[in-house]
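# Structural overview for review
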Amino acid sequence: MSDYWTTLASLVGMLAFCQTILQLVFPPELRLTVIHFLTRIRHVFSSHIYFDITEIDGVNTNELYNAVQLYLSSSVTLNDAVSSSNNNNTRLSLTRVPNSSSVTFGLSNNDRITDVFNGVTVLWEHVVVQRQVQSFSWRPMPEEKRGFTLQINKRDKTLVLDSYLDYIVGKSEEIRRRNEERLLYTNSRGVSLDSRSHPWDSVRFKHPSTFETLAMDPVKKKRIMEDLREFANGQGFYQKTGRAWKRGYLLYGPPGTGKSSLIAAMANFLGYDIYDLELTEVQNNSELRKLLMKTSSKSLIVIEDIDCSINFTKRGKFKKKSGSYDPDLTNGSGLDEPGSSVTLSGLLNFTDGLWSCCGSERIFVFTTNHIEKLDSALLRSGRMDMHIHMGFCGFQALKILLKNYLRIEEDEIDGDVLKEMEEYVEEAEITPADVSEVLIRNRSDSEKAVREILSVLKERCTLNAADTILVLGVRQT
Ligand SMILES: Nc1ncnc2c1ncn2[C@@H]1O[C@H](COP(=O)(O)OP(=O)(O)OP(=O)(O)O)[C@@H](O)[C@H]1O
Ligand SMILES: [Mg+2]
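Note that the structure is a prediction, hence the values are computed from the model and not measured.

### With respect to the site of ligand 1
Taken together, 17 residues form the shell around ligand 1, and within it Ala215, Gly256, Lys259, Ser260 and Ser261 come nearest. One of the backbone nitrogen or oxygen atoms of Gly256 is found 2.9 Å away from an oxygen atom of ligand 1. Within the backbone of Ser260, a nitrogen or oxygen atom sits 2.9 Å from an oxygen atom of ligand 1. Protein contact buries 72% of the 620 Å² of open area that ligand 1 shows by itself. Those elements that provide at least two residues to the shell around ligand 1 are helix H8 (259-270), helix H13 (395-406) and helix H15 (432-441). The residue inventory of the shell around ligand 1, partitioned by class, reads eight nonpolar, eight polar and one charged. Shared between two domains, the shell around ligand 1 takes at least three residues from each, and those domains are domain 2 (186-389) and domain 3 (395-476).

Here it is in structure tokens:
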């Protein structure tokens, strides 16, 4: 029996060898046919199964080819390739695509690379051959015919077909988003929404804010990150529970506490684009609806200073008897006053109502400096999934800012100074923006910066105490 397998293996080996020789001997026109023929014979006897993923499928670009290319070019795979002894001779090509923020690695022509998925090893080969006589096509074809051949063991066929290819597609999407710079969209007044033109203007968006640089309580930060991660990976959950795949965050707090910085960090974390919706530029609810319908999935739809951009009084009406506010006392269309400004019901129709199901994987973020001014309908539970208070700088946040701007760790600061900082920072009621300002001014001299921060904190505490005494005095008189 073992003789049989040895003979078979040598036969397969010989065929592979012949194939290489023929590749060198035959003219290009004949080469492809002969290689095809030999490959077929080899596949019949082999314990492996092969899948060809060509770059162009008929006349259409094969999405799977692009996905595989991107997947194999990811740095993880590169590391695997370099560390694997089988891949000592693997050649990698380096590319940098337009708008990309990083260099990507690709498999050179006719080179191979192994990959391991769920304990199963597979082999990828990048096959590039000259295209034969140019057949008629509506669009010019590349001179080379490119494709990937995936070699797997026949027994692993189910695993590969069921999950490996899906995994590659998902991973490539992730890499694409990570490599590309974000886009920041904004709307402007007077855009003809009825025309076929896109109603949003976009610019490249490269905000450096990340969760690492964001100064806020680490526990709160972790909770937000987990929530975002769960949302982004939650397609199955939202489908199973019959909910629209969207989430709403309300960020509130005084100016300069990092609301906009948090939005940028969220976009960078998820790799989403941002639609900065300027509500004051939107003339009515139907225009709003058209704008929102033109947003893509995997995006953050942001309305900053929502209390200043929407006229809450135009939404529901107060019930005469109870004096309470009833959000449903509006006409159902959301067009409370045709042709007039946007109303809250118009907005909620999109974040909450039937329209919220148009498009998926979208996050709404509203910000305000005055949460007390917001309509109770917007605040009621279930409307905005998470209310995030961005407050004055706490001790943990202060340490993050010191690290960001001065590149110093906690243990590099004098223990007594650190203690004093901890003592004063809460009472000082200073915003992270004000702390940043002091640190930027003194960034070349970290000792001076630390001293100055401490003196600013003390100064603020004294001022706040004086204010409190003044207010108490006024109240008593
Ligand atoms: N929590 C924070 N972490 C890191 N940097 C911060 C933070 N808060 C403020 N900053 C710094 O202060 C600047 C202003 O912050 P940001 O614009 O995010 O505040 P905001 O809360 O959106 O203010 P506004 O309410 O006026 O829009 C930022 O550019 C950033 O450098
Ligand atoms: Mg802001």
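Resuming the write-up.
### Details of the pairing of strand E6 (residues 112-117)
Alignment of E6 against strand E7 (residues 120-130), held across six bridges, turns out to be antiparallel. When the bridges of E7 are listed, Phe117 appears paired with Val120. Linking E6 to E7, which pair antiparallel, is a turn of two residues; within it Asn118 sits at a positive phi near 50°.

### Regarding the packing of H13 against helix H14 (residues 415-428)
At their nearest, the axes of H13 and H14 sit 9 Å apart, and the two run at 125° to each other. Taken together, the axes of H13 and H14 are oblique relative to one another. Of the two elements, H13 crosses H14, and the hand of that crossing is right-handed. Touching Phe395, Leu398 and Leu402 of H13 are Leu418, Met421, Glu422, Val425 and Glu426, all from H14.

### Describing helix H9 (residues 285-293)
Of the positions making up H9, those classed as buried are Asn285, Glu287, Leu288, Leu291 and Leu292. The arc that holds every buried residue of H9, seen down its axis, measures 155°, which confines them to one face. Here the buried face of H9 lies against strand E9 (182-187), strand E10 (200-205), strand E13 (299-303), helix H11 (344-351) and strand E16 (362-368).

### So, the sheet that holds E7
Taken in spatial order, the four strands of this open sheet run E1-E8-E7-E6, and their pairing is antiparallel. Single-partner strands in this sheet number two, and they are strand E1 (48-54) and E6. The sheet shows a mean angle of 25° between the axes of neighbouring strands, taken without regard to direction. Bridging between E7 and strand E8 (residues 144-153) involves eight bridges; their strand directions are antiparallel. Pairing of His126 across the sheet is with Phe148, part of E8. Seen against the sheet, helix H5 (residues 157-179) touches E1, E6, E7 and E8 and runs at an angle of roughly 130° to E8.

### Describing the sheet that holds E10
Read across the sheet, seven strands follow the order E10-E9-E12-E13-E16-E11-E17 without closing on themselves; strand pairing throughout is mixed. Pairing within the sheet leaves two strands with one partner each, and these edge strands are E10 and strand E17 (386-389). Each neighbouring strand pair of the sheet contributes to a mean axis angle of 20°, computed without reference to strand direction. Contacting strand E11 (246-252), E13 and E16, H11 crosses the sheet at an angle of about 145° to E16.

### Concerning a negative patch on the surface
A surface patch of negative charge is lined by Glu422, Glu423, Glu426, Glu427 and Glu429. Residue classification places Glu422 among the partly exposed positions, given a relative accessible area of 45%.

### Here we look at the nonpolar core
If you look at the biggest cluster of nonpolar residues, it comprises 27 residues, and the most contacted ones within it are Tyr249, Leu262, Leu300, Ile363, Val365 and Ile388. Secondary structure elements with two or more residues in this core: helix H6 (218-232), E11, H8, E13, E16 and E17. For this core, the element with the most residues is H8, which contributes seven residues. Leaving out residues up to four positions away in the same chain, Ile363 has contacts with Leu228, Phe231, Arg247, Tyr249, Leu270, Tyr272, Ser299, Leu300 and Ile301. Counting residues in each nonpolar core, the second largest holds 26 residues, with Phe395, Ile400, Ile430 and Val438 among its members.

### A short note on the packing of aromatic side chains
Inspection of every chain in the model, using the stated rule, returns 14 aromatic pairs. When the ring of Trp124 is compared with that of Tyr164, the centres are 6.3 Å apart and the planes differ by 40°; the resulting orientation is tilted. With Trp124 in strand E7 and Tyr164 in helix H5, the pair connects residues that are 40 residues apart, well separated along the chain. Residue classification places Trp124 among the buried residues on the basis of a relative accessible area of 0%. Overall, Tyr164 belongs to the buried group, its relative accessible area being 0%. A ring pair is formed by Phe231 and Tyr238, whose centres lie 5.8 Å apart and whose planes are at 75°; its orientation type is edge-to-face. Judged by its relative accessible area of 7%, Tyr238 is buried.

### Comments concerning H5
Between the first and last C-alpha of H5 there are 31 Å, a value that for 23 residues agrees with the 33 Å anticipated at 1.5 Å per step. The sharpest bend along H5 measures roughly 35° and falls at Ser163. The set of residues buried in H5 consists of Val160, Tyr164, Leu165, Ile168, Ser172, Ile175 and Asn179.

### Comments concerning the environment of Leu379
For Leu379, the location among the structural elements is in helix H12 (residues 376-379). Assessed through its relative accessible area of 26%, Leu379 is described here as partly exposed. Linking Leu379 and Leu250, residues 129 residues apart in sequence, is a C-alpha distance of 8.8 Å. Setting aside residues up to four positions removed in sequence, Leu379 forms contacts with Leu250, Ile371, Leu374 and His387.

Parameters and conventions
Residues numbered from 1 in each chain as written. Chains lettered and ligands numbered in written order. Predicted model: local features only at pLDDT ≥ 70, side-chain atom pairs only at ≥ 80, totals over all residues. Heavy atoms only, no water. Near = heavy atom within 4 Å. Polar contact = N/O pair within 3.5 Å; in protein donor to acceptor, adjacent residues only side chain to side chain. Areas by Shrake-Rupley, 256 points an atom, 1.4 Å probe, with all protein chains shown as cover. Helix = DSSP H or I, 4+ residues; strand = E, 2+ residues; numbered from the N terminus. Nonpolar A, V, L, I, M, F, W, Y, C, P; charged D, E, K, R; others polar. Domains from an automatic or database assignment. Pairing = 2+ DSSP bridges. Axes fitted to C-alpha atoms, helices over the stretch in contact; angles between N-to-C directions. Parallel < 35°, antiparallel > 145°, perpendicular 65-115°, else oblique. Left-handed = near helix turned anticlockwise from the far one by under 90°. Contact = heavy atoms within 4.5 Å. Buried < 20%, exposed > 50% of the residue type's maximum accessible area, 1.4 Å probe, protein only. Arc of directions from axis to C-beta. Patch = residues over 30% accessible without salt bridge, like charges linked within 9 Å, V, L, I, M, F, W, Y side chains within 5 Å. Salt bridge = Lys/Arg side-chain N within 4 Å of Asp/Glu carboxyl O. Lys, Arg positive; Asp, Glu negative; His and termini not counted. Charge placed at Lys NZ, Arg CZ, Asp CG, Glu CD. Core = buried A, V, L, I, M, F, W, Y, C linked by side-chain atoms within 4.5 Å. Phe/Tyr/Trp six-rings, centres within 6.5 Å; stacked < 30°, edge-to-face > 60°. Expected span 1.5 Å × (residues − 1). Bend = angle between axes of the 7 residues up to and from the residue.

Note that all results are geometric; they support no functional claim without further evidence.
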